[in-house]
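Here is what each chain is made of, one letter per residue.
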Amino acid sequence: MAVSSNTAQSLIKELYFMGRAIRAALSHPEEGHLLPGGIGVLGSLEAKGPCRQVDLAVDLCISPSTLSRHVAELVSSGDIARHADPSDGRATLIQITDEGRDLLRRVQVSRSHGLQAALADWSEDEAEQAAMVVQKLRKSLAAVAHHTTVGECQPVSTESQEVDV
């Protein structure tokens, strides 16, 4: 095994604290009305395009019931719309609305500015290296998630669709 147990535990701890720091430092006021992860749902839906909820849940590696709560909230706020699937009249497609796109853009710009401010003393090279390492870690974790829950979790291809949330 290439990584020791102590290193893995240390990385898990740091990732947990990084997630907390990201939420604290980069949250946007308009996110307050959404369930945690709502902006991620919008970003993934924008990247995927109109789709069935079950397919988006698989891409996000979340349960259909969790996604259903997000979709209900986002439909209620006008950020997602439901439409009949033209290929199967019994099914429904969801898609991001113009209002949802506008919200997503505002949050993305706000988060980007916040991160730029937090990284003011970093070089562009350091930030690019960090992005590459985090991307490599995400891909490794997504591959494991896919292999351990085949059929339940098939991450969106990171080569063709990058989600910017």
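Note that the structure is a prediction, hence the values are computed from the model and not measured.

Q: Residues and numbers for the overall build of the protein chain, please.
A: The helix and strand tally for the protein chain stands at 6 helices and 2 strands. Counting across all 165 residues of the protein chain, residues that qualify as buried make up 24%. For the protein chain, contacts bridging at least 24 residues in sequence account for 59% of all contacts bridging at least 6. Carbon and sulfur atoms make up 57% of the accessible area of the protein chain, which totals about 10700 Å².

Q: Residues and numbers for a nonpolar patch on the surface, please.
A: A cluster of nonpolar side chains, contributed by Leu11, Leu15, Met18, Ile22 and Val134, occupies part of the molecular surface with about 400 Å² of accessible area. Looking at the nonpolar patch, the element that brings in the most residues is helix α1 (residues 5–26), giving 4 residues. Note on placement: Val134 falls in helix α6 (residues 124–148). Since its relative accessible area comes to 46%, Val134 is described here as partly exposed.

Q: Go over the pairing of strand β1 (residues 80–85) with me, naming the residues and quoting the values.
A: When β1 meets strand β2 (residues 88–96), the two strands line up antiparallel, connected through 6 bridges. Looking across to β2, one finds that Asp85 is bridged to Asp88. In textbook terms, the turn of a hairpin is the stretch between consecutive antiparallel strands, and for β1 and β2 this stretch comprises 2 residues.

Q: Go over the environment of Glu99 with me, naming the residues and quoting the values.
A: Note on placement: Glu99 falls in helix α5 (residues 98–118). Taking relative accessible area as the criterion, Glu99 reaches 49% and is therefore assigned partly exposed. Along the backbone, Glu99 and Gly78 are 21 residues apart, and their C-alpha atoms lie at a distance of 6.6 Å. Sequence-distant contacts of Glu99, that is, excluding residues within four places in its chain, are made with Gly78 and Asp79. Looking at Glu99, its side chain comes within polar contact range of the side chain of Thr97, at 3.2 Å.

Q: With reference to specific residues and values, describe the environment of Gly37.
A: Locating Gly37 in the fold gives a position in the loop between α1 and α2 (38–48). Given a relative accessible area of 47%, Gly37 falls into the partly exposed group. Linking Gly37 and Leu67, residues 30 residues apart in sequence, is a C-alpha distance of 9.8 Å.

Q: Summarise the nonpolar core; cite the residues concerned and give the values.
A: Ranked by internal contacts, the top residues of the largest apolar core, which has 17 residues, are Ile39, Leu42, Leu45, Leu56, Ile80 and Ile94. Only α2, α3 (53–60), α4 (64–76), β2 and α5 provide two or more residues apiece to this core. It is α2 that provides the largest number of residues to this core, a total of 4 residues. Among all residues touching Leu56, those that are not within four sequence positions of it are Val41, Ser44, Leu45, Lys48, Cys51, Leu67 and Ile94.

Analysis parameters
Residues numbered from 1 in each chain as written. Predicted model: local features only at pLDDT ≥ 70, side-chain atom pairs only at ≥ 80, totals over all residues. Heavy atoms only, no water. Helix = DSSP H or I, 4+ residues; strand = E, 2+ residues; numbered from the N terminus. Buried < 20%, exposed > 50% of the residue type's maximum accessible area, 1.4 Å probe, protein only. Contact = heavy atoms within 4.5 Å. Areas by Shrake-Rupley, 256 points an atom, 1.4 Å probe, with all protein chains shown as cover. Patch = residues over 30% accessible without salt bridge, like charges linked within 9 Å, V, L, I, M, F, W, Y side chains within 5 Å. Salt bridge = Lys/Arg side-chain N within 4 Å of Asp/Glu carboxyl O. Pairing = 2+ DSSP bridges. Polar contact = N/O pair within 3.5 Å; in protein donor to acceptor, adjacent residues only side chain to side chain. Core = buried A, V, L, I, M, F, W, Y, C linked by side-chain atoms within 4.5 Å.

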